[in-house]
Structure formats: structure tokens, C-alpha cells
Amino acid sequence: MKEQKNTTQQVLIAGFGGQGVLFLGKLIAHAGVLLGKNVTWLPSYGPEMRGGTANCAVILSDEPIGSPIVSEPDVLIAMNLPSLTAYQPRVCAGGEIIYDASLVHESPAREDVTVRALPATRLATEAGMDGLSNMILLGAFLSDCLHLTQEQLRQALEHTVPAHKAHLIEANLHAIAIGKHELALAGQNATVRTERPRRAG
Amino acid sequence: MSKTNKPHSMTETHTHYCPGCTHGIIHRLVGDAIDALGIEERTIGVAPVGCSVLAYNYFNLDMTVAAHGRAPAVATGLKRANPESIVFAYQGDGDLASIGMAEAVHAAARNENITIIFVNNAVYGMTGGQMAPTSLPGQLTQTSPNGRDVDLCGLPVKVCEMLSQLDGPAYIARVAANSPKNVIAAKRAIEKAFRNQVEGKGFSLVEVLSSCPTNWGKSPKDALKWMDSTMIPYYPLGVYKDTSRREIDS
Amino acid sequence: MQETILMKGNEALAEAAILAGCRHYFGYPITPQTEIGAYLSKRMPEVGGVFLQAESEIAAIHMVYGASCAGKRAMTSSSSPGISLKSEGLSYLAGSDLPALVVNVQRAGPGLGGIQPSQSDYMQATRGGGHGDFRNIVLAPASVQEMASLTQRGFDLADEYRMTAMILSDGTIGQMMEQVTLETPVPKLVEKPWALTGTGGKREKNIVTSLYLSPKELEEKNLTRFARYKLVEERETDYEAFCMEDAEICLIAYGISARVSRNAVSAARAKGIRAGMIRPITLWPFPSAALKQAAKTVKHFLSVEMSMGQMMTDIELAVRCTRPVTLVSHVGGVIPTPEEVLLAIERAAEEAAV
């Protein structure tokens, strides 16, 4: 509902199962808690544990949250083309779309939203951090949409990363930094950067 | 009511069983075993749905009645909630081998430390003599009026043979309550099934072949004879599994 | 421990059960409540409790029956198809006057249905859900916080009234994460002199049974039980009133539907429509008195539910059909949107103005 938009941020994250969609959402949710906001996190659930589609809805608000369902997101983080295609029409005017330009080779059609295209998968691979493209996209989200201190970010990660993977926190922080840096390189203005499909060979 | 020489763990109440029914004898053997082991004060019984649904009237023990076939699950809950207690389920053939097969098999597979007394009289007694999973081929019942047709309804379930194939259970034995000699063997087996639980050995089931003159359409005497001539050959007596024996052997 | 943490509804419920002193869980996997079993399989051994994955939902509830016979706080959890299987056990628990906590994280039916959230087990839950005359106390959490707090209340109520308390949740509330403060309550532990603990040679034997072959005796048992149910209705009915002071349009909704309705009521208020909501926290007993009272000033009721008017029946009974009641529903796993609920409010407001 529009009335709540001032104090409420609705985020939709979507991609393939296994890309860390739910984890990315959890991290944003934990960050919201650290900022003293009310938070809901709602995953899609079903038989598609790996490889299918996955999405999750996160709401951060200064008000009590009613429905945890996000139908008109302020921010869409799309990690593959089907997700961008499916959800971009729903993004609020004036909202933001962040997507992985390594996997999505079509620019969003919307002109009334900020678009951030990061070649997240390629950047992750180049940095030797396969599988952390979600954190690179998070870097963009944190730059534009949710401001956390480095200490808060570390705390949010500590809350989200399971104990047996605690050694990966530094890598996550590094990936987030890459995302922020990439966005800074692109300048302060909203940009649309699409990559041309690379031909094999 | 005159004072009888009943076991301490049993009440003086007269049972409601038909003349010639061997439930009474089997109750008595259970009571004897509980007395012999001195476990009356911590023993809890689970009655089934079937002729022995009122078993709680005859034992001087804390008891409950399970839904049809669910006695092994109820016994599991009781035992897990209070491992110090001694828990037994008393079940008939319809209860254990038909509607409650899953509960019996899985309690055995878990080697749940409980004791099951499985009374097999090859017929549904309480409801008036319908075909049971253990009714013999050709056996006349209310729902197999021309005799159990194995082409139509398959062959009987041999519970001891089946359960003894599982790695889980500690003790599986079949006995009969039709002769003094067999009753003495039954007494030994039932006591062992309780002792196993006291010693923490695990799941013990004793199948007791039992008579049902009323629903078999036989006199009590002929019923006992039929057990010898027809039932026992189909359901051979003996110990089908005994993990403690294996311990002794090795 | 008063820390506010982020937790899934299913996990908050599981941890709250442990904090409420439950040490016996028996269950069988089914989506969307599997986190409850998975969580307790780790936690129960840590607190010296019992987690046992049963061979079926039927076996699980009869294991609960056994543990409850022994006087222990015991629970099981499942989702709609599994609750149908447990209906036998629900009836036996009621007939034997045994306390138990049963959780239904509802999914869409009938049959295998789907795995998305639903509220279509309303009748099954509030009317007992098995054969015979009986009731369960049905608690309907609308947040992760309530998944925890109502679980703890459920154990206390079950013990106090010797009956089943059912948590009637749904896939959304079970799967979502939200802030929760886990309280360590002082469980209202009641004496259970009826429990099967062995006579210890110190008392007469106890018998727990639902079998009464004498009609007179069985009638007496039923009447005594219903006298107890009456007490539950008088003392334990609970609901939340939202924007009801001057409400002309009143939404009735529970669980996830109440969350959606809350947005719609706020939006309607912003448009100057006097909308409000009564959110039942107990579905049985249903807050009929509150609705009857509201009917004095409310012009139109909306039953917002993810079922085909199952709850609407209770609303109509409560207001004795003195006011129109409109069904706003989706089924099959579809969740109503705040926008369409708002639309229904606007329509009702127009009708009321005519």
C-alpha cells in the first residue's frame, strides 16, 4: 500500500535454486533487525530444492508489518532472466532493479525505475569466488537501498552464516565490497549496462 | 467372591470370555510372569480392540486401551516417556496382523524395548467370527462362508516368520495354549519376553495360538484338538529369533 | 532469555515447545511443516528429550497418546493430509481425556491437494476432527511470535482442561521468518493423578480408556466433558480487535488472512472508510460474543479466509444473521491480496451507505 512506502521497503529476490537467493534475503532481513526495523522474510517453498526457481520476499519497516507477501516490490534483485521477465512489471515506479548481467542479456524494459546491472557471476569467478554472485548483488543493494556500517554488515553475516561455514564470512565481505566498488565505478547516476553475449570459441 | 490362587498382578474379577476360550489361560501366564519378575508396581499394560479389550479389568496394573491396531505405538509412547516402566501390549490377530501391521513391524524394527503378547485364534472374535489375516486356507468364517478361498483373499500372515526376518527384534517365539505341555512352554516364553525388557534387551513378541470354540463352531474339546491337528502344523511352534541365544553361541 | 531473534515460524514453535517443558515429540515428515521435526531432532537430544520419527502420522499420534498416558507433555505436528490420518488419535485422546498438543501447518486440499498455504481445515479443526462429540482448543497464530506464545499457551490449556490443543497455522506463517522473543514461561504444571506411572504399590490401579459399554455411563462421560468445554468457552476465548472503535465494516480473519486484512483495513482507513478487524486467536472457542456485540454497530461483516466459507458459517451463527456477511476468499494455495480485500471493503461500504 502506498501509504506505507515512506517507512517500508519491500524487496523481492528471485533466481535459480542454489544461487543463494534465500540466503541473500536472510542477510537483508538480519540487517533490518540490526537497524531496529520490523522484518519479515518469506521464501517460496516447494519441491524445487536445487535448480528450479526460488524467490523470497523481504519487508523492512518502521511500522508493524501486515502481509509478508510482496506483490509490488520497491527493489527487485533478479539473478536470472526468467525472474527479471516475471517480476519487473511489478516493481513500483521509482523503485529499483538490480540484476546479474552475466546471466541476463536483456535490459529491463522499464524506464521509470533505477536499473543496476552487475556482471555478478563473472566478477565472482574472476575473484575466485564462484557462488558468491549473490553477495556481489548485495553490494549494489547496500550501496543504493540500505546503509549499513561495516560492523553491522559483519554482524548480519554472523547471524546468517551457519556455524560450520563461519570461515566463509571474510569471502562474503570481500564479494560485497566488489559489488559496491563496481557500482561506484559505474558512477552515481543510475546506469544501464548490459553485456553483449560472448560467443564461445 | 472367593479368594483364588490368582497371581498378585491380577484381579479377582471373573473374565467375560466364552467357555473353552484360552484368553483366560494366557492372561494368567502374563500375570505369573509379572509376579515372578516382581515388576507389578511398575508395569503398564495396553489392551487392544478385540475380545481382550476389557483386559484392564483382569489385571491389577495401570492400563490403557489403544485404538484398533495401535497398541505398539501407544506402548512406544509409554515406554519412551518413562523408560523405567515395564510396558506390554496384548493384541489379537486382527489387531496386530491386519489393521496394526505397520505399528507392529516398526516397533519390532526399532527394537522398541517393549513386550507384545500376540494372541492368534485365526478369527475375529469380538465382532462375531469374521475371517482374520491368520484364518487358515479353507477355514469357515462368517465372511468366508465357503471356506477361506486363497485365490480370492490370499494366504494367511505368519507373523513370527515375518518379524524374525527383521534385524531389529530381540525375541520372537510362537507357543500354543492348548495342552499342559504347550502351556508350560508358553509360560517360559512369556516370562522370557518380560525378562528381556527388564534387562533392556529390546522388542520381544510371543505369539500364542489360542482357541475360539464359539466362532470356530466347535466344542471346547474339539477346538483344542483342531489346534493340534490343523493349526499348529500350519503355524509351527518354536523360537524364531533370540538375540540373547546368539550372544551365548558366540 | 529475552533476546529478540529472527526465526522461522515452524522453528519458533519447536523451540517454544521445549521452553514449555515438552520433551516428547513424535511426527512424520510432510511439507510445509518439516522444519518442526528437523529442529526437534537436533534439540530434543540436547535437552534429554525424545524425538521419534514414527512410521506414519497415525502411529505418531498414538505415541503421543502413550506419552500423555504416562503424564508427560507430548506433541505431534503435521499438515492437512497428515491431520486427516491423525483424526483417529484426536478422537481417542478426547475420549480418554488426555492432554496433547497437535500442530497443523495447513496446506491446500482436499486429497493430496497442494503444498501452498491454506485455511481449509477450519471445520475439521474446530469441530473436533474425528468421530464422536468432542472439541479441541484451536489456537490460530498470525505471527512467528504467536507460533511461539500460543504453543506455550496450548500446552498449559491442554493440561488444565485435559484435552487436545491444536495450533492451526498455515504454510506462510510456518515458513516465514520474523522477529520473535522467546520467553521461558513457568509452565502451569497440574497434578496428573490419573497418569499411568505404575501403581508403585501405593495406590489403586489407574485406567485410561475411551471405552464405556454402558450408554448411561458414556453419556455421563460426554456431559462431564462438555461441562468442561463450557468452562473453556467462558474463560479462554481470545481475539484481537483492530480499529474496531467506530468500525462499520468489520473483517474477520485469522492467521495469514489476518495479516493481509490488516493492510487492507489500514488502506481503507486512509481512504476514510470506517473499517476494522476482529482477529480470532482462538477459533474454538470462537469469539462469538465479541461478534454479537460488534453487530450492534457494524453494518457489514467480511469473512476473509482461505477456505470456501467455513469460518463464515461461524460468523453468521455469532451475529444470528442480523447483518450481511460476505465471503472474501481464495483457495488452493492462493493468498488474497490486500488490494482485493480493500476492494471488498469498498463495495461493502458503498452498500452500507445506500
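Please read all numbers here as calculations on a predicted model, not as lab measurements. (Residues numbered from 1 in each chain as written. Chains lettered and ligands numbered in written order. Predicted model: local features only at pLDDT ≥ 70, side-chain atom pairs only at ≥ 80, totals over all residues.)

Student: So what exactly am I meant to see when it comes to the overall build of chain A here?
Tutor: Tallying secondary structure elements over chain A gives 6 helices and 6 strands in all. Looking at chain A as a whole, 46% of its 201 residues qualify as buried. In chain A, the proportion of contacts linking residues at least 24 apart, taken out of those at least 6 apart, comes to 59%. (Helix = DSSP H or I, 4+ residues; strand = E, 2+ residues; numbered from the N terminus. Buried ≥ 20, exposed ≤ 12 C-beta atoms within 10 Å, placed from the backbone. Contact = placed C-beta atoms within 7 Å.)

Student: How should helix H1 (residues 9–19) of chain C be read in this particular structure?
Tutor: Since there are 3.6 residues in each turn of an α-helix, residues three or four apart along the chain are aligned in direction. All names here are of chain C. Most of H1 sits inside the fold, with 10 of its 11 residues counted as buried. When we look at burial in H1, the residues that qualify are Gly-9, Asn-10, Glu-11, Ala-12, Leu-13, Ala-14, Glu-15, Ala-16, Ala-17 and Ile-18. Two residues or fewer after H1 comes Gly-21, characterised by a positive phi angle close to 95°.

Student: Where do I start with the interface of chain B and chain C in this structure?
Tutor: By a frequent convention, interface size equals the accessible area lost on bringing the separate parts together. Contact with chain B, which involves 28 residues of that partner, is made by 34 residues of chain C. Broken down by secondary-structure element, the contributors of at least two residues to the side of chain B that touches chain C are strand E1 (43–47), strand E2 (62–65), helix H2 (71–81) and helix H4 (101–109) of chain B. Looking at the side of chain B that touches chain C residue by residue, the class counts come to 14 nonpolar, 8 polar and 6 charged. Where E2(B) and strand E9 (residues 207–208) of chain C come together, 2 bridges link them in parallel fashion. Within the sheet, the bridge partner assigned to B:Met63 lies in E9(C) and is C:Ile207. (Nonpolar A, V, L, I, M, F, W, Y, C, P; charged D, E, K, R; others polar. Pairing = 2+ DSSP bridges.)

Student: Teacher, can you tell me more about the nonpolar core here?
Tutor: Nonpolar side chains in soluble globular proteins generally cluster together in the buried interior. One finds A:Ile77, B:Ile117, B:Val208, C:Cys250 and C:Ile345 to be the most contacted residues of the largest nonpolar core, which totals 252 residues. Ranked by residue count, the leading element in this core is helix H3 (residues 57–69) of chain C, at 9 residues. Residues lining this core come from more than one domain, with at least three contributed by each of domain 1 (4–236) and domain 2 (240–353) of chain C. With sequence-adjacent residues up to four places away left out, C:Cys250 is seen in contact with C:Met244, C:Gly276, C:Met277, C:Ile278, C:Ala294, C:Val298 and C:Phe301. (Core = buried A, V, L, I, M, F, W, Y, C linked by C-beta atoms within 7 Å. Domains from an automatic or database assignment.)

Student: What should I look at first to understand the packing of helix H4 (residues 133–144) of chain A against helix H6 (residues 169–185) of chain A in this one?
Tutor: For any two helices packed against each other, the geometry is given by the interaxial angle and the distance between the axes. Residue and element names in this part refer to chain A. Interhelical geometry of H4 versus H6 gives an angle of 55° and a closest axis separation of 7 Å. The angle between the axes of H4 and H6 places the two elements in the oblique class. Between H4 and H6 the crossing geometry is right-handed. Along the contact surface, H4 presents Met-135, Ile-136, Leu-137, Leu-138, Gly-139, Ala-140, Leu-142 and Ser-143, while H6 presents Asn-172, Ala-175, Ile-176, Ala-177, Ile-178, Gly-179, Lys-180 and Leu-183. Partitioning the contact of H4 with H6 into residue classes produces 11 nonpolar, 4 polar and 1 charged. (Axes fitted to C-alpha atoms, helices over the stretch in contact; angles between N-to-C directions. Parallel < 35°, antiparallel > 145°, perpendicular 65-115°, else oblique. Left-handed = near helix turned anticlockwise from the far one by under 90°.)

Student: Before we go on, may I ask you to explain the domain arrangement of chain C in this structure?
Tutor: All names here are of chain C. Segmenting chain C into domains produces domain 1 (4–236) and domain 2 (240–353). Residue-level contacts link 27 residues of domain 1 with 22 residues of domain 2. In terms of residues, the side of domain 1 that touches domain 2 owes the most to one element, helix H5 (residues 122–126), which gives 4 residues.

Student: Would you explain the arrangement of the chains in this entry?
Tutor: Contacts are most numerous between chains B and C, considering all 2 pairs of chains that are in contact. The two units chain A and chain B are non-contacting; their minimal C-alpha-C-alpha distance is 27 Å.

Student: Explain the interface of chain C and chain A here, please?
Tutor: Taken together, the contacts link 19 residues of chain C with 18 residues of chain A. Top element by residues in the side of chain C that touches chain A is helix H9 (residues 255–270) of chain C. It accounts for 7 residues. Here the residues of the side of chain C that touches chain A sort into 10 nonpolar, 6 polar and 3 charged.

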